[in-house]
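# A structural walkthrough
Given next are the chains, with one letter for each unit.
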Amino acid sequence: DVKVTQSSRYLVKRTGEKVFLECVQDMDHENMFWYRQDPGLGLRLIYFSYDVKMKEKGDIPEGYSVSREKKERFSLILESASTNQTSMYLCASTVTGTGASYEQYFGPGTRLTVT
Amino acid sequence: AQTVTQSQPEMSVQEAETVTLSCTYDTSESNYYLFWYKQPPSRQMILVIRQEAYKQQNATENRFSVNFQKAAKSFSLKISDSQLGDTAMYFCAFMSPYNQGGKLIFGQGTELSVKP
């Protein structure tokens, strides 16, 4: 079974703290994604990675950075957390190319509250 | 730019009845993929159904089927014989194979409540 795990289900941090959200997949997928989910806005792409050490900005990268040192792990970093980063964060992975289904597999999400 | 629109923020249906969730999208490409994802209260996002744009036949997965109208850029989800376990947030998503990384573009979501 395909599995994507995230380090925390719930996280409470203070304004200005550095926050790390970790995501691990066990499917040997090349592509990994970080989304932010807010009511009425759906899921918006923050960053994605198509290979180790490779990263691309998504639609809302401001205030975030990412790290992918190993194929199975993709980290989202909030350098200095702010209250407007209170949200649900979802990690996903997929494989692309000839014959691929392009289905993305999601982690259970991390609900981050910044106070 | 590619966009996905779900115009129904909330819907409800009685158990055992049929409900249709709407989705429209905008793209200039001819080859792409469309998805419906389900996010129940547990928050685990799972794939419900997938459609490839070059396939004329509408996709079906058990009680779930789609009405794919390529010219109208419409991709609705029909849930037959609704069950209490269908209560969830449903997201429509678009993917172009020409976009690097296989990234998805999501609609705003429709919250479906199935009532006993």
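One can find the structure itself at the top, above this paragraph.
## Quick notes on the pairing of strand β12 (residues 110–115) of chain B
Residues and elements named next belong to chain B. Every second residue of β12 is oriented toward a common face, the buried set being T110, L112 and V114 and the non-buried set E111, S113 and K115. With five bridges connecting them, strand β2 (residues 10–14) and β12 associate as parallel partners. Within β12, the residue paired with M11 across the bridge is L112. Direction of pairing for strand β10 (residues 88–95) relative to β12: antiparallel, over a ladder of three bridges.

## Digging into the sheet that holds strand β1 (residues 4–6) of chain A
Residues and elements named next belong to chain A. The antiparallel open sheet is built from four strands, whose spatial order is β1-β3-β8-β7. Since the sheet does not close on itself, it has two edges, and those belong to β1 and β7 (65–70), each with one partner. Adjacent strand axes in the sheet meet at a mean angle of 20 degrees, parallel and antiparallel pairs treated alike. Direction of pairing for β7 relative to strand β8 (residues 73–78): antiparallel, over a ladder of four bridges. Counted as the bridge partner of K70 is R73 from β8.

## Points about the pattern of salt bridges
Under the counting rule described, the total for this entry stands at ten salt bridges over all chains. A salt bridge links E22(A) to R73(A), with the nearest nitrogen and oxygen atoms 3.8 Å apart. Here E22(A) is found in strand β3 (residues 19–25), whereas its partner R73(A) is found in strand β8, with 51 residues between them in sequence. Here E22(A) falls in the partly exposed class, since its relative accessible area comes to 23%. Here K55(B) ties to E52(B) by a salt bridge, and the two come within 3.6 Å at their closest N and O atoms. By relative accessible area, which is 10% here, E52(B) ends up buried. Here the residues in one salt-bridge network are R36(A), D38(A) and R44(A), joined through shared partners.

Thresholds, definitions, all that
Residues numbered from 1 in each chain as written. Chains lettered and ligands numbered in written order. Predicted model: local features only at pLDDT ≥ 70, side-chain atom pairs only at ≥ 80, totals over all residues. Heavy atoms only, no water. Buried < 20%, exposed > 50% of the residue type's maximum accessible area, 1.4 Å probe, protein only. Helix = DSSP H or I, 4+ residues; strand = E, 2+ residues; numbered from the N terminus. Pairing = 2+ DSSP bridges. Axes fitted to C-alpha atoms, helices over the stretch in contact; angles between N-to-C directions. Salt bridge = Lys/Arg side-chain N within 4 Å of Asp/Glu carboxyl O.

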